[in-house]
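# Structural overview
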Amino acid sequence: NAGVTQTPKFQVLKTGQSMTLQCAQDMNHNSMYWYRQDPGMGLRLIYYSASEGTTDKGEVPNGYNVSRLNKREFSLRLESAAPSQTSVYFCASRRSRDGNSYEQYFGPGTRLTVT
Amino acid sequence: GQSLEQPSEVTAVEGAIVQINCTYQTSGFYGLSWYQQHDGGAPTFLSYNALDGLEETGRFSSFLSRSDSYGYLLLQELQMKDSASYFCAVRGVSGGYNKLIFGAGTRLAVHP
């Protein structure tokens, strides 16, 4: 049981290049999330998917697109990378029914630098 | 608007007790979560309070007062491995019951 996996772990892009960050979970969770974390700051929600086939914007969606490919996979695409998108990106998932708790499980992160 | 406030840094010694406070202002509220993150690592879940009162899990406890829009994380018998950043997060902001809004985090340094 790998939990939440993300690829790649590290990436350097030039301004204007595009790339897709991949995320997969093997816990049969319904909800999946993409966050970014900048130095000394908390996590900010970019997009989330409450269930397969649905996606919604979070706090900072500009410059990003997402695809919920199936229940397991949720990808984040940068169409034209900018230096302001230099950050650590975390994917997370959550099952819909977890009783009195509300636990999100996080992947190891992708460290992205845009030059 | 919405905001969460928590201290930026806290220091303590091994074996001591430390309390990390979190106050929030939101347009909706379902619950308050706490996450731990070691340097270079991913956030990991510690606790979730939907109702007022204290929840205890081993050395960690979390408290919520919805009327005061306030919560805290209490860490007892501190160990060096507790040195990390701790984030409070509110569920249910702006009608989004299935998402979290995180605070900026409190960096805890535990000294011998």
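The model shown is predicted, which means the values in this text are computed figures rather than measured ones.

### Focus: the overall build of chain A
Summing up its helical and strand segments, chain A has 0 helices and 11 strands in all. Over its C-alpha trace chain A gives a radius of gyration of 14 Å, about what one expects of a compact globule, namely 13 Å for 115 residues. Each principal axis of the C-alpha atoms in chain A carries an extent, and together these give about 45 × 30 × 25 Å. When each of the 115 residues of chain A is scored for burial, the buried share is 45%. Taking the contacts inside chain A whose residues are at least 6 apart along the sequence as the reference set, 56% of them involve residues at least 24 apart. Total accessible area computed for chain A in this model is approximately 5,400 Å², and 47% of it derives from carbon and sulfur atoms.

### Observations regarding the pairing of strand E3 (residues 19-25) of chain A
All names here are of chain A. E3 sits mainly inside the fold: 5 of its 7 residues count as buried. Note that E3 and strand E8 (residues 74-78) share 3 bridges and pair antiparallel. Residue pairing for E8: Leu21 is matched across the bridge by Leu76.

### Examining the state of the cysteines
For the coordinates displayed, the defined rule picks out 2 disulfides over all chains. A disulfide bridge connects Cys23 of chain A with Cys91 of chain A, and the sulfur atoms are separated by 1.9 Å. One disulfide, between Cys23 of chain A and Cys91 of chain A, carries an S-S torsion of -70° and so falls in the left-handed class. Here Cys23 of chain A, found in strand E3, pairs with Cys91 of chain A, found in strand E9 (residues 87-94); they are 68 residues apart in sequence, far enough to count as distant. The same class applies to Cys23 of chain A and to Cys91 of chain A, which are both buried. With a sulfur-sulfur separation of 2.1 Å, Cys22 of chain B is cross-linked through a disulfide to Cys88 of chain B. Linking Cys22 of chain B and Cys88 of chain B, the disulfide has an S-S dihedral of approximately 75° and is accordingly described as right-handed.

### A short note on the interface of chain B and chain A
Between chain B and chain A, the contact holds 19 residues from the first and 24 residues from the second. Taken over both partners, the interface formed by chain B and chain A buries close to 1,700 Å², and the fraction arising from carbon and sulfur atoms is 55%. Viewed at the interface, chain A and chain B are joined by 0 salt bridges. For the pair chain B and chain A, the number of links is 4 residue pairs in polar contact (both at pLDDT 80 or more). Here the residues of the side of chain B that touches chain A sort into 11 nonpolar, 6 polar and 2 charged.

Rules used in this analysis
- Residues numbered from 1 in each chain as written.
- Chains lettered and ligands numbered in written order.
- Predicted model: local features only at pLDDT ≥ 70, side-chain atom pairs only at ≥ 80, totals over all residues.
- Heavy atoms only, no water.
- Helix = DSSP H or I, 4+ residues; strand = E, 2+ residues; numbered from the N terminus.
- Rg over C-alpha atoms; globule rule 2.2 N^0.38 Å.
- Buried < 20%, exposed > 50% of the residue type's maximum accessible area, 1.4 Å probe, protein only.
- Contact = heavy atoms within 4.5 Å.
- Areas by Shrake-Rupley, 256 points an atom, 1.4 Å probe, with all protein chains shown as cover.
- Pairing = 2+ DSSP bridges.
- Disulfide = S-S within 2.5 Å.
- Buried area = accessible area lost by both parts, 1.4 Å probe.
- Salt bridge = Lys/Arg side-chain N within 4 Å of Asp/Glu carboxyl O.
- Polar contact = N/O pair within 3.5 Å; in protein donor to acceptor, adjacent residues only side chain to side chain.
- Nonpolar A, V, L, I, M, F, W, Y, C, P; charged D, E, K, R; others polar.

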